Amino acid sequence: RDFTTLFVRLVLFVLFFVRLFDRHYWGVEGFTVLLSRMSVAEMIRETGADVHPPLYYLIVQIFTGMFGEAGWVYHLVSLLPYAVMLVLALTWMWKRFGGQVSVLFATFASLLTTSITYNVEVRMYTWGALFVLLSFLMLREILVMAENFDETGRTSAGKYYGYFVVFSLAAAYTQYYCLMSVAFFYLVLLVPAFARKKQCLKPVLFAYVITIVGYLPWLGVLLQTFNKTKGDFWLAEIPT
(Lines give C-alpha, C1' and ligand atoms only; values in the text may rest on other atoms or scores of the structure.)
Protein backbone atom coordinates (compact mmCIF):
# COMPACT_ATOMS: atom_id res chain seq x y z
CA ARG A 1 0.00 0.00 0.00
CA ASP A 2 2.67 2.46 -1.07
CA PHE A 3 2.16 5.79 -2.80
CA THR A 4 2.12 4.18 -6.27
CA THR A 5 -0.71 1.83 -5.31
CA LEU A 6 -2.77 4.65 -3.81
CA PHE A 7 -2.13 6.83 -6.86
CA VAL A 8 -3.23 4.11 -9.29
CA ARG A 9 -6.46 3.55 -7.32
CA LEU A 10 -7.13 7.28 -7.34
CA VAL A 11 -6.56 7.45 -11.10
CA LEU A 12 -8.96 4.53 -11.65
CA PHE A 13 -11.60 6.25 -9.55
CA VAL A 14 -11.14 9.58 -11.38
CA LEU A 15 -11.63 7.81 -14.74
CA PHE A 16 -15.15 6.96 -13.59
CA PHE A 17 -15.77 10.18 -11.69
CA VAL A 18 -15.43 12.31 -14.82
CA ARG A 19 -18.24 10.27 -16.41
CA LEU A 20 -20.81 11.33 -13.82
CA PHE A 21 -21.79 14.63 -15.32
CA ASP A 22 -24.35 13.88 -17.98
CA ARG A 23 -28.13 13.51 -18.19
CA HIS A 24 -28.23 10.74 -20.77
CA TYR A 25 -30.22 7.68 -19.72
CA TRP A 26 -30.86 4.61 -21.80
CA GLY A 27 -34.21 2.77 -21.54
CA VAL A 28 -33.88 0.88 -18.27
CA GLU A 29 -32.02 3.76 -16.61
CA GLY A 30 -35.07 5.86 -17.42
CA PHE A 31 -37.16 3.38 -15.42
CA THR A 32 -34.91 4.07 -12.42
CA VAL A 33 -35.44 7.82 -12.85
CA LEU A 34 -39.22 7.37 -13.04
CA LEU A 35 -39.27 5.22 -9.90
CA SER A 36 -37.16 7.76 -8.02
CA ARG A 37 -39.91 10.37 -8.57
CA MET A 38 -42.62 8.25 -6.96
CA SER A 39 -43.53 7.96 -3.32
CA VAL A 40 -41.94 5.05 -1.47
CA ALA A 41 -45.22 3.11 -1.50
CA GLU A 42 -45.71 3.69 -5.24
CA MET A 43 -42.10 2.73 -5.96
CA ILE A 44 -42.40 -0.53 -4.02
CA ARG A 45 -45.61 -1.39 -5.83
CA GLU A 46 -44.16 -0.64 -9.26
CA THR A 47 -40.88 -2.47 -8.80
CA GLY A 48 -42.76 -5.37 -7.23
CA ALA A 49 -44.77 -5.61 -10.45
CA ASP A 50 -41.48 -5.58 -12.36
CA VAL A 51 -38.63 -8.03 -11.68
CA HIS A 52 -36.50 -6.26 -9.05
CA PRO A 53 -36.56 -5.79 -5.28
CA PRO A 54 -36.78 -2.22 -3.92
CA LEU A 55 -33.58 -1.50 -1.96
CA TYR A 56 -31.60 0.13 -4.76
CA TYR A 57 -34.50 2.35 -5.75
CA LEU A 58 -34.92 3.39 -2.13
CA ILE A 59 -31.24 4.39 -2.03
CA VAL A 60 -31.73 6.44 -5.21
CA GLN A 61 -34.76 8.15 -3.68
CA ILE A 62 -32.73 9.09 -0.60
CA PHE A 63 -29.97 10.66 -2.69
CA THR A 64 -32.29 12.49 -5.08
CA GLY A 65 -34.30 13.70 -2.10
CA MET A 66 -31.14 15.23 -0.61
CA PHE A 67 -29.35 16.48 -3.75
CA GLY A 68 -32.00 16.72 -6.47
CA GLU A 69 -32.33 14.97 -9.83
CA ALA A 70 -29.09 16.10 -11.44
CA GLY A 71 -27.43 13.55 -13.68
CA TRP A 72 -24.38 13.34 -11.47
CA VAL A 73 -26.56 12.32 -8.51
CA TYR A 74 -28.01 9.29 -10.32
CA HIS A 75 -24.59 8.19 -11.57
CA LEU A 76 -22.90 8.86 -8.22
CA VAL A 77 -25.28 6.45 -6.49
CA SER A 78 -23.86 3.67 -8.67
CA LEU A 79 -20.25 4.84 -8.30
CA LEU A 80 -20.23 4.87 -4.49
CA PRO A 81 -20.24 1.05 -4.10
CA TYR A 82 -17.28 0.89 -6.50
CA ALA A 83 -15.43 3.40 -4.30
CA VAL A 84 -16.18 1.26 -1.24
CA MET A 85 -14.84 -1.81 -3.04
CA LEU A 86 -11.59 0.03 -3.83
CA VAL A 87 -11.23 0.95 -0.15
CA LEU A 88 -11.93 -2.66 0.85
CA ALA A 89 -9.25 -3.81 -1.58
CA LEU A 90 -6.71 -1.46 0.00
CA THR A 91 -7.59 -2.39 3.58
CA TRP A 92 -9.47 -5.59 4.37
CA MET A 93 -8.35 -7.59 1.34
CA TRP A 94 -4.76 -6.39 1.50
CA LYS A 95 -4.50 -7.43 5.15
CA ARG A 96 -6.08 -10.85 4.69
CA PHE A 97 -5.12 -11.88 1.15
CA GLY A 98 -2.05 -9.81 0.33
CA GLY A 99 -1.15 -7.14 -2.19
CA GLN A 100 -1.40 -9.27 -5.32
CA VAL A 101 -5.01 -10.26 -4.66
CA SER A 102 -5.87 -6.67 -3.75
CA VAL A 103 -4.37 -5.29 -6.96
CA LEU A 104 -6.00 -7.99 -9.09
CA PHE A 105 -9.41 -7.34 -7.55
CA ALA A 106 -9.16 -3.57 -8.02
CA THR A 107 -8.06 -4.05 -11.63
CA PHE A 108 -10.99 -6.32 -12.46
CA ALA A 109 -13.45 -4.09 -10.58
CA SER A 110 -12.24 -1.15 -12.67
CA LEU A 111 -11.23 -2.32 -16.14
CA LEU A 112 -13.38 -5.29 -17.10
CA THR A 113 -15.89 -4.43 -19.81
CA THR A 114 -18.77 -4.96 -17.42
CA SER A 115 -17.08 -2.76 -14.81
CA ILE A 116 -16.62 0.11 -17.26
CA THR A 117 -20.28 -0.17 -18.23
CA TYR A 118 -22.01 -0.67 -14.90
CA ASN A 119 -19.91 1.31 -12.41
CA VAL A 120 -21.72 4.50 -13.42
CA GLU A 121 -24.92 3.06 -14.91
CA VAL A 122 -28.14 4.14 -13.22
CA ARG A 123 -28.96 0.59 -12.14
CA MET A 124 -28.47 -1.63 -9.10
CA TYR A 125 -25.56 -3.77 -10.26
CA THR A 126 -22.70 -2.14 -8.34
CA TRP A 127 -24.74 -2.22 -5.13
CA GLY A 128 -25.50 -5.88 -5.71
CA ALA A 129 -21.82 -6.60 -6.32
CA LEU A 130 -20.84 -4.79 -3.12
CA PHE A 131 -23.37 -6.59 -0.94
CA VAL A 132 -22.46 -10.01 -2.36
CA LEU A 133 -18.76 -9.23 -1.84
CA LEU A 134 -19.34 -8.16 1.77
CA SER A 135 -21.44 -11.27 2.40
CA PHE A 136 -18.62 -13.43 1.05
CA LEU A 137 -15.98 -11.68 3.18
CA MET A 138 -18.10 -12.14 6.32
CA LEU A 139 -18.69 -15.80 5.42
CA ARG A 140 -14.95 -16.30 5.14
CA GLU A 141 -14.41 -14.77 8.58
CA ILE A 142 -17.02 -17.14 10.02
CA LEU A 143 -15.31 -20.16 8.45
CA VAL A 144 -11.86 -19.07 9.63
CA MET A 145 -13.10 -18.56 13.19
CA ALA A 146 -14.90 -21.89 13.13
CA GLU A 147 -11.65 -23.56 12.14
CA ASN A 148 -9.75 -21.85 14.95
CA PHE A 149 -12.57 -21.73 17.46
CA ASP A 150 -11.95 -21.09 21.14
CA GLU A 151 -13.84 -19.45 23.96
CA THR A 152 -12.35 -16.02 23.29
CA GLY A 153 -13.59 -16.06 19.70
CA ARG A 154 -17.27 -16.36 20.44
CA THR A 155 -17.99 -12.62 20.61
CA SER A 156 -16.14 -11.84 17.39
CA ALA A 157 -17.74 -14.75 15.59
CA GLY A 158 -21.19 -13.54 16.60
CA LYS A 159 -20.37 -10.14 15.16
CA TYR A 160 -19.52 -11.64 11.78
CA TYR A 161 -22.69 -13.73 11.75
CA GLY A 162 -24.64 -10.50 12.26
CA TYR A 163 -22.81 -8.70 9.47
CA PHE A 164 -23.29 -11.69 7.19
CA VAL A 165 -27.06 -11.68 7.72
CA VAL A 166 -27.32 -7.91 7.17
CA PHE A 167 -25.25 -7.88 3.98
CA SER A 168 -26.89 -10.99 2.53
CA LEU A 169 -30.34 -9.55 3.16
CA ALA A 170 -29.24 -6.32 1.52
CA ALA A 171 -28.05 -8.32 -1.50
CA ALA A 172 -31.36 -10.21 -1.65
CA TYR A 173 -33.32 -6.95 -1.52
CA THR A 174 -31.17 -5.46 -4.30
CA GLN A 175 -31.34 -8.02 -7.12
CA TYR A 176 -32.75 -11.53 -7.50
CA TYR A 177 -29.54 -12.92 -8.96
CA CYS A 178 -27.76 -11.60 -5.87
CA LEU A 179 -30.33 -13.47 -3.81
CA MET A 180 -29.36 -16.67 -5.62
CA SER A 181 -25.67 -15.98 -5.04
CA VAL A 182 -25.95 -15.50 -1.28
CA ALA A 183 -28.27 -18.52 -1.06
CA PHE A 184 -25.22 -20.65 -1.91
CA PHE A 185 -23.31 -18.88 0.88
CA TYR A 186 -25.96 -20.10 3.32
CA LEU A 187 -25.36 -23.65 2.10
CA VAL A 188 -21.65 -23.22 2.80
CA LEU A 189 -22.58 -21.91 6.24
CA LEU A 190 -23.80 -25.42 7.07
CA VAL A 191 -20.20 -26.69 6.96
CA PRO A 192 -19.13 -25.29 10.36
CA ALA A 193 -22.56 -26.19 11.74
CA PHE A 194 -21.96 -29.88 11.04
CA ALA A 195 -18.19 -29.87 11.58
CA ARG A 196 -18.35 -28.14 14.96
CA LYS A 197 -21.94 -28.73 15.96
CA LYS A 198 -21.68 -27.73 19.60
CA GLN A 199 -20.05 -24.35 18.98
CA CYS A 200 -21.51 -23.34 15.62
CA LEU A 201 -24.94 -24.91 15.20
CA LYS A 202 -26.76 -22.36 17.31
CA PRO A 203 -25.44 -19.20 15.56
CA VAL A 204 -25.93 -20.82 12.13
CA LEU A 205 -29.56 -21.66 12.90
CA PHE A 206 -30.03 -18.17 14.33
CA ALA A 207 -28.66 -16.67 11.09
CA TYR A 208 -31.06 -18.81 9.06
CA VAL A 209 -34.08 -17.80 11.14
CA ILE A 210 -33.28 -14.07 11.11
CA THR A 211 -32.69 -14.14 7.36
CA ILE A 212 -35.98 -15.91 6.66
CA VAL A 213 -37.88 -13.50 8.90
CA GLY A 214 -36.09 -10.55 7.29
CA TYR A 215 -37.06 -11.62 3.78
CA LEU A 216 -40.64 -12.69 4.52
CA PRO A 217 -42.09 -9.23 3.68
CA TRP A 218 -40.86 -9.63 0.09
CA LEU A 219 -41.21 -13.38 -0.35
CA GLY A 220 -44.75 -13.20 -1.72
CA VAL A 221 -43.67 -10.64 -4.32
CA LEU A 222 -40.71 -12.84 -5.27
CA LEU A 223 -42.96 -15.85 -5.87
CA GLN A 224 -45.41 -13.78 -7.91
CA THR A 225 -42.54 -12.42 -10.01
CA PHE A 226 -41.12 -15.88 -10.76
CA ASN A 227 -44.58 -17.17 -11.64
CA LYS A 228 -45.27 -14.23 -13.94
CA THR A 229 -41.91 -14.24 -15.73
CA LYS A 230 -41.00 -17.94 -15.65
CA GLY A 231 -41.27 -18.17 -19.43
CA ASP A 232 -38.60 -15.54 -20.14
CA PHE A 233 -36.81 -14.80 -16.84
CA TRP A 234 -33.73 -16.82 -17.88
CA LEU A 235 -31.64 -16.02 -20.94
CA ALA A 236 -31.95 -18.94 -23.34
CA GLU A 237 -29.23 -17.71 -25.70
CA ILE A 238 -26.34 -15.26 -25.81
CA PRO A 239 -27.78 -11.88 -26.89
CA THR A 240 -26.22 -9.99 -29.77
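The structure we're discussing is the one just above.
What you see is a predicted model; the values in this text were computed from it and never measured.

Asks: Hey, could you go over the overall build of the protein for me, with residue numbers and the actual values?
Replies: A tally of regular secondary structure across the protein gives 12 helices and zero strands. Counting helices and strands in the order they occur from the N terminus, the protein gives α-α-α-α-α-α-α-α-α-α-α-α. By the compact-globule yardstick of 18 Å for 240 residues, the protein fits well, its C-alpha radius of gyration being 19 Å. Within the span of the protein, comprising 240 residues, buried residues form 43% of the whole.

Asks: Tell me about helix H5 (residues 71-97), residues and numbers included.
Replies: In a regular helix each residue adds 1.5 Å, so 27 residues correspond to 39 Å; H5 covers 37 Å between its end C-alpha atoms and thus fits that length. Burial analysis of H5 places 19 of its 27 residues in the buried class, the great majority of the element. Phi turns positive one or two residues past the end of H5, at Gly98, with a value near 100°.

Asks: Tell me about the nonpolar core, and name the residues and values.
Replies: Among soluble globular proteins, nonpolar side chains are generally buried collectively. Of all hydrophobic cores here, the largest spans 64 residues; its most connected members are Tyr56, Tyr161, Phe164, Leu189 and Tyr215. Of the residues forming this core, the biggest block, 12 residues, is contributed by H5. Apart from the residues within four sequence positions on either side, Phe164 is in contact with Ser135, Met138, Leu139, Ile142, Phe185, Tyr186 and Leu189.

Asks: Explain the side chain of Ser36 residue by residue, including any values.
Replies: Among the secondary structure elements, Ser36 is positioned in helix H2 (residues 27-36). You can call Ser36 buried: its relative accessible area is 9%. With near-sequence residues (within four places) excluded, Ser36 lies in contact with Val60, Gln61, Thr64 and Tyr74.

Asks: For the packing of H2 against helix H4 (residues 55-67), give the residues involved together with the corresponding values.
Replies: In contact at an axis separation of 9 Å, H2 and H4 are set at 65° when each is read in the N-to-C sense. Crossing geometry of H2 relative to H4 is assigned as right-handed. Across the interface between the two elements, Phe31, Thr32, Leu35 and Ser36 from H2 touch Tyr56, Tyr57, Val60, Gln61 and Thr64 from H4. Taken together, the residues of the contact of H2 with H4 break down into five nonpolar, four polar and no charged.

Asks: Just give me the short version of the packing of helix H3 (residues 40-49) against H4, but keep the residues and values in it.
Replies: For any two helices packed against each other, the geometry comes down to the angle between their axes and how far apart the axes lie. Where H3 meets H4, the axes come as close as 10 Å, and the angle between the chain directions of the two elements is 150°. On the basis of their axis angle, the class for H3 and H4 is roughly antiparallel. Between H3 and H4 lies a crossing of right-handed hand. Contacts from Val40, Met43 and Thr47 in H3 reach Tyr57, Leu58 and Gln61 in H4.

What counts and how
Residues numbered from 1 in each chain as written. Predicted model: local features only at pLDDT ≥ 70, side-chain atom pairs only at ≥ 80, totals over all residues. Heavy atoms only, no water. Helix = DSSP H or I, 4+ residues; strand = E, 2+ residues; numbered from the N terminus. Rg over C-alpha atoms; globule rule 2.2 N^0.38 Å. Buried < 20%, exposed > 50% of the residue type's maximum accessible area, 1.4 Å probe, protein only. Expected span 1.5 Å × (residues − 1). Core = buried A, V, L, I, M, F, W, Y, C linked by side-chain atoms within 4.5 Å. Contact = heavy atoms within 4.5 Å. Axes fitted to C-alpha atoms, helices over the stretch in contact; angles between N-to-C directions. Left-handed = near helix turned anticlockwise from the far one by under 90°. Nonpolar A, V, L, I, M, F, W, Y, C, P; charged D, E, K, R; others polar. Parallel < 35°, antiparallel > 145°, perpendicular 65-115°, else oblique.

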